[in-house]
Amino acid sequence: MGAEKKSVKNDSAVENLIKKYKKYNLSKVESTALSQTPYELLYKPAEKIPVVIVDNFPKLGKLSALRFIEWVQDNPGGVISLPTGKTPEHFIKWVKHYLNSWHIKEVAEDLAKNGINTSVKPNMASLHFVQIDEFYPMNPHQHNSFYYYVNKYYLKDFGLDPKKAMLLDCAKIGAFGENYPLDIFKDKKVDLTLRYRIPKNYIEKFQKEAIYRVDQYCTEYEEKIRNLGGIGFFLGGIGPDGHIGFNTRGSDHYSTTRLTHTNYETEAAAAGDLGGIEVSRGRLVITIGLRTITANPTATAIIIAAGEAKSGIVADSIQSEKNIIYPASVLQVLPRARFYITKGAATCLNERALVDFKQTATPDKSSVYRIVMNTAFNKNEPIDNLEDKDFNDNFGTALINKVKISITDLKQQTVNHIKSSIKKGLDEKNNEVFLHTAPHHDDIMLGYLPYIEQQITRPSNEHYFAYMTSGFTAVTNLYVAELLKTMLNYLKEKKFSALLKNGYFEANNSIARNTETMMYLDGIARKRVITMEEAQSRRMLRNAMIALEDDNIENIQQRIDELLNYFHTQYPGKKDLPYIQNLKGMIREWEADVLWGYFGFSKGSVKHLRLGFYKGDIFTEDPTVNRDVVPILNLLHEVKPTIVTLALDPEGSGPDTHYKVLQAVAHALKLYEDETGIKNIRVLGYRNVWFRYHPCEANMYVPLSISHLAVLEDSFLNSFASQKNASFPSYDYDGAFSGLARKIQVRQYIQIKDLLGEDFFAHNDDPRLRAAHGMVFLKEMSSQELLDLSQELKRSIEEM
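Residues numbered from 1 in each chain as written. Predicted model: local features only at pLDDT ≥ 70, side-chain atom pairs only at ≥ 80, totals over all residues. Heavy atoms only, no water.

Asks: Give me the nonpolar core: which residues, what numbers.
Replies: Counting 65 residues, the largest nonpolar core has Ile-418, Ile-422, Tyr-701, Ile-752 and Phe-761 as its most contacted members. Per-element tally for this core: the top contributor is helix 25 (residues 657-676), with eight residues. Setting aside anything within four residues of it in sequence, one finds Ile-422 in contact with Tyr-701, Pro-703, Ile-752, Leu-756, Phe-760, Phe-761 and Leu-769. (Core = buried A, V, L, I, M, F, W, Y, C linked by side-chain atoms within 4.5 Å. Buried < 20%, exposed > 50% of the residue type's maximum accessible area, 1.4 Å probe, protein only. Helix = DSSP H or I, 4+ residues; strand = E, 2+ residues; numbered from the N terminus. Contact = heavy atoms within 4.5 Å.)

Asks: Tell me about the environment of Asn-139, and please be specific about residues and values.
Replies: Summarising the element assignment, Asn-139 is placed in the loop between strand 4 (133-136) and helix 6 (146-156). When the C-alpha positions of Asn-139 and Cys-170 are compared, they lie 6.6 Å apart, and in sequence the two are 31 residues distant. When near neighbours in sequence (up to four residues on either side) are disregarded, Asn-139 contacts Ser-145, Ala-171 and Leu-182. At a separation of 2.9 Å, a polar atom in the side chain of Asn-139 contacts the main-chain amide nitrogen of His-141. (Polar contact = N/O pair within 3.5 Å; in protein donor to acceptor, adjacent residues only side chain to side chain.)

Asks: Describe the side chain of Asp-443, naming the residues involved and giving the relevant values.
Replies: Among the structural elements, Asp-443 can be located in helix 17 (residues 443-455). For the buried Asp-443, no salt bridge exists, and the shortest N-O distance to an oppositely charged side chain is 7.1 Å, to Arg-588. A distance of 2.8 Å separates a polar atom in the side chain of Asp-443 from the backbone nitrogen of His-440. One polar contact links Asp-443 to Asn-688, side chain to side chain, over a distance of 3.1 Å. If sequence neighbours within four positions are ignored, Asp-443 has contacts with Ala-438, His-658, Tyr-686 and Asn-688. (Lys, Arg positive; Asp, Glu negative; His and termini not counted. Salt bridge = Lys/Arg side-chain N within 4 Å of Asp/Glu carboxyl O.)

Asks: Please provide a residue-by-residue account of the pattern of salt bridges, values included.
Replies: Applying the stated criterion across every chain, the model contains 46 salt bridges. With a shortest N-O distance of 3.1 Å, Arg-281 and Asp-734 are connected by a salt bridge. Taken together, the positions of Arg-281 in the loop between helix 10 (277-280) and strand 8 (284-287) and Asp-734 in the loop between helix 26 (706-719) and helix 27 (737-756) put the pair 453 residues apart, joining distant regions of the chain. The exposure class assigned to Arg-281 is partly exposed, which follows from its relative accessible area of 34%. With relative accessibility at 48%, the residue Asp-734 sits in the partly exposed group. For Lys-607, the salt bridge goes to Glu-638, with nearest N and O atoms at 2.9 Å. Here Lys-607 is found in strand 13 (residues 606-608), whereas its partner Glu-638 is found in helix 24 (residues 625-639), with 31 residues between them in sequence. Look at the salt bridges and you will find they share partners, linking Glu-516, Arg-539, Arg-542, Asp-593 and Lys-603 into a network.

Below, the structure written as structure tokens:
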């Protein structure tokens, strides 16, 4: 009876929400999801598009899947348009799960509980599918083409009818006679000025004809969509610049299907799929337009976003008036438009953050510091200069009502936190064993290298550096090919003959490995490129022997020729064979060896774990205990650390490698403590170019001098040669990651200077603070605090 009453109560709440938001056509699935949150659907006037918030990335996929199924039930024969990439990972998994298990009792109960009528299984074959976008030109058989993706994950897995699918085969669109786009545009670069100018030669004449044919195709594609009544259900992600489809920042809100340029942010985001920014830069795309999405006034258009990294653009898109700077703002014209987002992605939605704060019985110190710091930032005044009236906004009023102490005391507590965090950052440790862990090989140095520099001056400290994945996806085919060519020249010129006779290249020769590192560093110091090349070629030959499982030089030379052909004929972005992944990973490992050689550490201090969950698939596996946790546990037993560092992802978003490594390290640390009884290990959480701390979230601020910043850039560019040209860059910065890290660290210093006032640094008694022009933020915690954090994230993901 109790369960029945609860069900009736829940049903009543759902129905009340549907009535309350009748104007926005709230569906039963959405009402059910909304009833489980403390939020309204929309907070006017700040928000212009309705929002539903879920806990995490998997739940985001589940909600999207449920709403999609509900729409299909209500609209058999409707027109759908679904996204590609990593964003819809859990959407796809949940749709497949429900479709394949529809008649299983537990699944039916789950569907019903979430607002689905289980008596009507959705007729997927009745739907018309519209592909959103594609790079042009593009071989549709490449596994990184969107054409391949929609065929595999939507047409095949969802049971859609291929005859009712409008797809973008960009190897045929624009073709005429025997002339095909991949032949006409051999470098895959399309010059749209040919639309308006006279061709200079025979090739350009063909290209101009192809462009006009693409334009005509786009016009007809748009017309077909309109003849179907327009898109009825649109699901899309949102790019770092706010792009939907490939409608980038500045796109006309009345744009239709077209061949167009993208922008740097979009090219950087696509670099991982296409095999590097060298490939994606300047590539054109065919995309449906913003007007294509909104043409049907009854369309359900949903944007999904996960993680704090998206919070800024999500807030701008939801809270701004209609503006071409924010493409998603066009959705304001659709009553059924929604943003489905995770809590992390909702961070910058002020009204919802206020709801969270008000519902907190006793706000934690971080929340208090955030409000005081943000007030100082907003007023452009140091904290000490803030007046009582500056706290008269919603957050300030809520804070004062919660904490029941004076504004003077609030300001002083926040200033004390900042100063104590700086003091911690200046503290030099003694007799500590550091285990620095990282998902990728440049994460540690980009996150907090100056702090390590500070600690290695104390000889009583020990340092170990553990890299959890092989990082092979960050190495381009062209880069490997150049290294192999150089190494092959050394072999052909017999320069390694003596070394080969003496057993120098035996796999377990650790002395030789250290010799290669020192030779490379000597080359850096003397600015002798030839010395650096020889050291790198020695390591490359050693790695090739291991990867190819062959130490016969004649065989190796023949295999190298085959590898060169492989790297020049495989399309960029294709998933490599395991032994190629191994070879690329060893290049990254060599780079890490060189980096720590800079600071006097030999091979024994640098550990490469190559955890097995990291395989280069678009949807990555979760870590497992035996495969991924036990190697970390064994390492903990080996080095017996007193301090462990790790990349601290702000939101457990599932597919992110940082998050998965965090879970594996936390699990291993728990097992280690259980087995040894040691409970006093300290943890330092860092972030780098992908995720950043708000100053209130960190409790250790490490001041950096200009020399620290110079060492960061110099050591990165000399050690991580595969990353020098930034083949897989951040969308925030067009250049090497070291430049972005420097930019972030300088900005963090400016934040602290703004909060404390310039005089704190300029006239400080400590010369390290007078010399400061950058700042690293770290979060120190106990091992138990880390375990609690990781378990909270894990529970939220498993509670689906």
